Amino acid sequence: MSPSSAEGTTVPVLSFRVKKEFQNFSLECEATVEDGVTALFGPSGSGKTTLLNCIAGTVSPEEGRIEAMGKVLFSSSVGTRVPPERRRFGYVSQDAALFPHMDVWGNITYGYNLTPKKDRQLDPGQLIELFQLGPLSTRNVTTLSGGERQRVGLARALATSPKLLLLDEPIAALDWVLRGVILRYLKRIRSELGTPMLYVSHSISEVMALADSTIVLSEGKRLAHGPTSRVLVDPTLSRVAELATLENLFDAEVSSVQVDDGLAELRVGDATLLASDVFAEPGDKVMISIRAGDVILSLDISSRTSARNAIKTVIEEIHPLGQRVLVYTDIGERLAVEITPGSLRELGLHVGQQVYAIIKTNSIMIMEPTQPRPGPGL
Amino acid sequence: MSASVLLLTLQVAIVATVVNLPLALAVSWLVVKKRVRGRFLIDLLVALPLAIPPVAIGYFLLLLLGRDGPAGAAIRAVLGVDIVFTWVAAALASAVVSFPLITRTIMVAMGAVDSRLEMSARGLGAGPWRVFLTITVPLAYRGILAGVLIGFVRALSEFGATVIVAGNIKGQTQTIPLALFTSVQTGDDQGALQLVAASIGLAVVTLLVHNWLLQKSRLQNVQ
């Protein structure tokens, strides 16, 4: 997606230096955003949304410079300020902000019709298909559910063929199950459309599941910036992140459903996991959540255990983070496991060591609507 | 009562409303959406005609538009006509008196339009003018309609300012309220009752048109 100049050097998707003063808060941040998904991570009140609004053009920084794809959008020294409508970013907010006086189709085509023909790369029909909005296209948006609204919001923003998608906590207002659904759509945008994204979030789990690189903001200052796998194990992060609730969010495919005991077999990365309470059918693609603290590491599986999943894996990284230790293992996906410093010592765990990741079936949560589908007789 | 009184009343009120609407939309946008500096002062100026007697407004307009008044002299120099004591002066008086009603109603309606929707539209490539026409106005439509209704009925019933700046000239500036005043003064009870009935008729028709427009917009929304 990112254009290359004749010399072969890549122009960054976005580079910014922003300074904005408020009465009792000041935002000062500088970064270069590359292709892929970049997370803007931090606790609430850290200035993430203000920074995103500065980039979108709805808020003017006092000082700084914002450049996208080599084009200057804001410069306090030159006095440039490109208005939001000419920045060609797609913006999706927490509540989608759909136009209530237009139907789904009207919302999606609003920006598309304003996009110059030569810049149109995605057409509304394609987006309707990607977000599975076909049956809803003539619906009044005020009758949509939260997840449907967010899908329309994403399609509407993408219909302008944006250079960069700005996402302000797009799934924070949704219930837990719908978060998984929208997260899967976001991953599809990344893999199928390749649109770069700047993703504001205060959920470390979402960031881990989605972002290639991460900017950590705290009290208006940049705390860290780099590849997500590096940044999320930065010892300074334990100050701002709720590591206790860290979830592994994985794409999975249902391979078989055992009706008698209510268990289903899921393909996740290279592993096959058994999960309970799955209302899905073989072939369904779902998002699952496994809390890092719910995974047990064991040196062997000789001892009898009630847990049904024991995956042979290798330790890739060990990061002591204050009161806890984060261990990353490879099951075809990066599985984060949280253990105590005591366990680390007693088991003598080290990088490269073979271990078993043990997961109970009911620790695997399916993030999909749980109502059973009507059977043929209904 | 002659049909000309009815037609003149309608003409005066329609012209007053048509002149007011774009102005009211512009002022509301400046105060509510653009949040210009000095909006408090604008707000005060908008409300002022509500608070002072219509006769005082008429007198002020007379001073302004009269032969020796600054505006009157200028118009005379350019167009060679006098405005005072014509139906134009009556329309102007109605416009000034009804302006606060239409503007304040539209301000409230525009204020209720979520600015995040307007921001979203900007982000999707719409300039400020397009956002105003495709987001702000359609979403404030019912309030704008209500403002137009209130302004229009106020213009229909305008008396005090009109009688001062336009006089009470039969066939030229005599609208229903002025004709009613004359009828009552001369003891023409039958004429007075006819004029009252005409006023009620106008009010009912206006309300019916208003409701019909509302209904139409609601149907469009459902589609």
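All values derive from a computational prediction rather than experimental measurement.

(A) Helix 1 (residues 3-33) of chain B, seen in detail. Taking 1.5 Å as the rise per residue, helix 1 of chain B with 31 residues should run 45 Å; its terminal C-alpha atoms sit 43 Å apart, in good agreement. Remark: Arg-35 of chain B follows helix 1 of chain B within two positions and exhibits a positive phi of approximately 50°.

(B) Main features of the nonpolar core. Ranked by internal contacts, the top residues of the largest apolar core, which has 162 residues, are Leu-40, Ala-155, Leu-166, Tyr-199, Ile-288 and Ala-357 of chain A together with Ala-93 of chain B. Per element, the largest residue contribution to this core is 16 residues, and it comes from helix 5 (residues 87-111) of chain B. Per-domain counts for this core show at least three residues from each of domain 1 (14-239) and domain 2 (248-292 + 304-366) of chain A. When sequence neighbours within four positions are dropped, the list of residues in contact with Ile-288 of chain A reads Phe-250, Ala-252, Leu-266, Val-268, Ala-275, Ile-364, Met-365, Ile-366 and Met-367 of chain A.

(C) Focus on the interface of chain B and chain A. Opposite the 15 residues of chain B that make contact, chain A presents 17 residues. Residue assignment for the side of chain B that touches chain A shows that the elements contributing at least two residues are helix 6 (115-123), helix 7 (128-139) and helix 11 (189-222) of chain B. Per-class residue counts for the side of chain B that touches chain A are eight nonpolar, five polar and two charged.

(D) Summary view of the environment of Thr-80 of chain A. Residues and elements named next belong to chain A. Counting through the fold element by element, Thr-80 comes out in strand 6 (residues 80-81). Given 14 C-beta atoms within a 10 Å radius, Thr-80 is considered partly exposed. Separated by 127 residues in sequence, Thr-80 and Val-207 have C-alpha atoms that sit 33 Å apart. For Thr-80, the residues in contact, after removing those within four places along its chain, are Val-72, Phe-74 and Ser-75.

(E) The sheet that holds strand 12 (residues 247-258) of chain A, seen in detail. Residue and element names in this part refer to chain A. Pairing within the open sheet is antiparallel, and its five strands lie in the order 14-13-12-15-21. Each end of this open sheet is capped by a strand with a single partner; those strands are strand 14 (271-276) and strand 21 (364-366). If you compare each strand with its neighbour and ignore which way they point, the axes differ by 45° on average. Across three bridges, strand 15 (residues 285-291) lies against strand 21 in antiparallel orientation. What sits directly across from Ser-289, in strand 21, is Met-365. Against the sheet, helix 5 (residues 176-193) makes contact with strand 12 and strand 15, and its axis sits at roughly 115° relative to strand 15, the strand it touches most.

What counts and what doesn't
- Numbers given to residues run from 1 along each chain, matching the order in which its sequence is written.
- Chain A is the first chain written and ligand 1 is the first ligand written, with later ones labelled in order.
- Only residues with pLDDT of at least 70 are given local features in this predicted model, and only at 80 or more are side-chain atom pairs given and counted; all residues enter the totals for whole chains, interfaces and linings.
- Secondary structure elements are defined from DSSP: runs of H or I of at least 4 residues count as helices, runs of E of at least 2 residues count as strands, and each element is numbered from the N terminus.
- Take the number of residues in a helix, subtract one, and multiply by 1.5 Å to get its expected span.
- Under the definition applied here, buried Ala, Val, Leu, Ile, Met, Phe, Trp, Tyr and Cys residues are grouped into a nonpolar core through C-beta atoms within 7 Å.
- Remark: C-beta atoms are placed from the backbone, and a residue is labelled buried if 20 or more other C-beta atoms sit within 10 Å of its own, exposed if 12 or fewer do, or partly exposed between those counts.
- What fixes the domain bounds is an automatic or database domain assignment.
- We call two residues in contact whenever the C-beta atoms placed from their backbones are within 7 Å.
- Any residue outside Ala, Val, Leu, Ile, Met, Phe, Trp, Tyr, Cys, Pro, Asp, Glu, Lys and Arg is labelled polar, Gly included; the first ten of those are nonpolar and the last four are charged.
- Here, a strand pair is defined by DSSP locating no fewer than two bridges between the strands.
- For helices, the fitted axis covers only the stretch in contact; all axes are lines through C-alpha atoms, and the angles between them, taken along N-to-C directions, range from 0 to 180 degrees.

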